[in-house]
Amino acid sequence: MSTTAEKPAAPDSEPGAAGRTTAGKGHAGAGRPPGKARKVRRLTRRDKLVLAIMVGLPTLIQLLLVWLPTLFSIALSFTRWNGLDIKDIKAAGTDNYRFVVQDYPPFWPAMQHNILWLVFLALIATPLGLLLAVLLDQKIRGSKIYQSIFFTPVMLSLALIGIIWQLFYNRDSGLLNYLLGTAGTPRAVDWFGDSNVNIWAAMVAATWRHAGYVMILYLAGLKGVDPSLREAASIDGANAVQTFFRVVFPAMRPVNIVIVVITIIESLRAFDIVYVINRGTNGLELISALVIQNLIGEGQVIGVGSSLAVILLVISLIPIVFYLSRTFGKESKA
Amino acid sequence: MAANLDPFQSAHNAGPGRRTILKTLGIGAAGLAGIPLLAACTGGSGPAPGASSNSLTFGSGSSDDVPKNAYKAVTDAFTKKTGITVATNVVPHNDFQNKINSYLQGSPDDAFTWFAGYRMQYYAGKGLLAPVDDVWEKIGGNFSDAMKKASTGPDGKMYLVPNYNYPWGFFYRKSFWAEKGYAVPKTFDELKTLAAKMKADGIIPIGFADKDGWPAMGTFDYINMRLNGYQFHVDLTAHKESWDQKKVSNVFDTWKALLPFQDPAALGQTWQDAAKALEAKKTGMYLLGSFVTQQFTDPTVLADIDFFPFPEIAVEGTDAVEAPIDGLLLSKKGGDNKAAHDFLAFMGSAEGQNAYAAVDTSNIATVKGADTSKFTPLNKKCADTIANAKYISQFLDRDALPAMANNVMIPALQSFIKDGTVDVKNLEAQAKTLYAAQ
């Protein structure tokens, strides 16, 4: 997760430090401000101390809270352990992975649901957020109020969202069944209990939040687009739709990349809402929920839980590496 | 039993509000902070009978209103009698169970609520509990041999002081059955006939809820015991018997005949929801533990409730009854606190259990000589059912490895409820791996 963040972050986040350490090595990023680097070169003892703390402390925290647990998880995924006594740890080879893939029935549904979640967010929730942003970016009355309304769910935890949506989805007394006229009858849709529909119900509830998040990011992006671009487009005779898709949207490239990554990460870390509904069972399996099921609580099987966590880590690394290499690879070229 | 696994429910329930929990946690923490000092005063190790401590902390997973108040009545009575103060730390039921591993390894309360069966023996075997043989010397005469056996750890020492247990059975409304002319079924075939009749009458014959995953285990346990006997239940949950055999698939095949009569909405509702449906006469009967009666707050409804044992199928008639035992344990740390031993001894006396039972009437006190004068006919029937049973089983999730019950059986039973299929070969494959990891 952070290997890639560490290396490229050094040159441009700490211009002083970068100048000092990489001056003369001909690093691409350090070549630009040679004059500045010479001035900052003389560091007092206090500067060095401050720098050491500023670099050292975060590194230490990283190491303690991210790297060690990650490495431990990877190591534990090759053991059998009940989580109680260190003495009980036994080597297991790749048995846990074989177990997860072959014998653990919820695993493959969980994989499918994670993919479904990603596709749903990417095709429905994110475009919806974009649409909201574009609409609210117009000069309409009360735009700020609408923005606040759409953004409110983002500030709520997904657990709370699960509870709110229960009011819509409840089989006997929920709003949806009431509107469908099926409340209290055998035809009532069991939105959270029927495994054919509950994943969709959960995704709609997650969209309610995700769209607001995407909206805010795009609103910021739209504000950042140079107005002269739009003027130029309208002088060239482009209509609103053309202006948006040919000019404005491509100009928001940095925001678009952020959104893509956020959407992928949101779909991978989706957890709270399914856990609130039924602890991620009966049609709502997600890898994150399986990790928790196996790592925490009475049904603790550290080896199996760890191997699930490692699988999730490997999957998460793909978009993260992609994102970091895109952003930082481009900047070092510039 | 897991009384409240539903996060929504706990939000609806008047249960402990967040402030109350924070407050009790605060008190608990203050109490915990005091313990090392006390232990230091008395020199620490061993049951330290001479320790002059006059307070203890008590971790309670009984967060539903009725049992919560009942435990409060117990601690109040204890404080009144001995002058020892008890700082009670109520944690939502489900959280308490889920965090038990880290709880016992961290800084647990001195005494805490827990269950008999494998779930107790497992932690005793790992050395996380303090034996209470000294307490049993005092209270031993108050209990039957079956209770004593259920309180014994794998090393032969005593670990649990039982407070109450409760039978599982089919609960129904007497007036409703009288009105419709239904009769209590004695055999499984009669049960099916009755269920078919109810269905024809336009009601759901058997109330059922399995959103939380565990309630379906009761049905599995009963069919298993009625088909294969009590000993098979014990051996199967201990994984001395394979899951991949005809006897197990027979259980599911037999159950399949009942599925069409069980509430089709089971997977979306909690046991509390299903209790409401029984109260509203939407369902004809409901297989659950007698704690279901906690939900009937209307006294006329409560007086209208009766139950019958799970009908006989093949082996042992209705000799075995599922009646999980709840009680108190001492954490390893609590073993050093004399006051905590006193508290457990109080729980094992008729006085302590009467204090509890006066508030929570849905359970049956386990101590001999407990006050039965206020028993309702239903209480009496529950008590008799337990007393007359040849075998008393714990619940599947108490007799089996927790990982097996939670990670394997919950999804397996839920998918069985959904489509009536189950892969016993896979159950055995998972059991093999999980039991080997322990």
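Right above here is the structure, for reference.
Since this is a predicted model, take the numbers as computed values, not measurements.

Undergrad: What am I meant to see in the environment of Val204(A) here?
TA: All names here are of chain A. Considering the arrangement of structural elements, one finds valine 204 in helix α10 (residues 198-224). You can call valine 204 partly exposed: its relative accessible area is 35%. Between the C-alpha atom of valine 204 and that of phenylalanine 120, which follows or precedes it by 84 residues, the distance is 8.9 Å. For valine 204, the residues in contact, after removing those within four places along its chain, are Phe120, Trp165 and Tyr169.

Undergrad: Where do I start with the pairing of strand β4 (residues 160-165) of chain B in this structure?
TA: The side chains of a regular strand alternate between both faces of the sheet. All names here are of chain B. Of all six residues that make up β4, six are buried, and the element is covered over most of its length. Bridge count between β4 and strand β10 (residues 325-330): five bridges; the pairing is antiparallel. Each bridged residue has a counterpart across the sheet, and for asparagine 165 the counterpart in β10 is isoleucine 325. Note that β4 and strand β11 (residues 364-365) share two bridges and pair antiparallel. Bridged to asparagine 165 within β11 is isoleucine 364.

Undergrad: I tried to follow the packing of helix α3 (residues 65-82) of chain B against helix α17 (residues 350-359) of chain B on my own but got confused; where do I start?
TA: Residue and element names in this part refer to chain B. For the pair α3 and α17, interaxial distance at closest approach is 8 Å and the crossing angle is 145°. Our pair here, α3 against α17, has a crossing hand that is right-handed. In this structure, α3 contributes Val66, Pro67, Asn69, Ala70, Tyr71, Ala73, Val74, Ala77 and Lys81 to the contact, and α17 contributes Glu351, Gly352, Ala355, Tyr356 and Val359. Taken together, the residues of the contact of α3 with α17 sort by class into 10 nonpolar, two polar and two charged.

Undergrad: Where do I start with the side chain of His210(A) in this structure?
TA: All names here are of chain A. Relative to the helices and strands, histidine 210 is located in helix α10. For histidine 210, a relative accessible area of 3% gives the class buried. At 3.2 Å, the side chain of histidine 210 forms a polar contact with the side chain of threonine 126. Leaving out residues up to four positions away in the same chain, histidine 210 has contacts with Leu121, Ala125, Thr126, Ile262, Thr263 and Glu266.

Undergrad: Looking at this model, I keep getting lost on a nonpolar patch on the surface. Mind explaining?
TA: A cluster of nonpolar side chains, namely Leu49(A), Ile53(A), Leu57(A), Leu60(A), Ile61(A), Leu64(A), Leu65(A), Leu68(A), Leu71(A), Phe72(A), Ile74(A) and Phe78(A), defines an oily patch on the protein surface of about 1100 Å² accessible area. Counting through the fold element by element, Leu64(A) comes out in helix α4 (residues 45-76).

Calculation notes
- Residues numbered from 1 in each chain as written.
- Chains lettered and ligands numbered in written order.
- Predicted model: local features only at pLDDT ≥ 70, side-chain atom pairs only at ≥ 80, totals over all residues.
- Heavy atoms only, no water.
- Helix = DSSP H or I, 4+ residues; strand = E, 2+ residues; numbered from the N terminus.
- Buried < 20%, exposed > 50% of the residue type's maximum accessible area, 1.4 Å probe, protein only.
- Contact = heavy atoms within 4.5 Å.
- Pairing = 2+ DSSP bridges.
- Axes fitted to C-alpha atoms, helices over the stretch in contact; angles between N-to-C directions.
- Left-handed = near helix turned anticlockwise from the far one by under 90°.
- Nonpolar A, V, L, I, M, F, W, Y, C, P; charged D, E, K, R; others polar.
- Polar contact = N/O pair within 3.5 Å; in protein donor to acceptor, adjacent residues only side chain to side chain.
- Patch = residues over 30% accessible without salt bridge, like charges linked within 9 Å, V, L, I, M, F, W, Y side chains within 5 Å.
- Areas by Shrake-Rupley, 256 points an atom, 1.4 Å probe, with all protein chains shown as cover.
- Salt bridge = Lys/Arg side-chain N within 4 Å of Asp/Glu carboxyl O.

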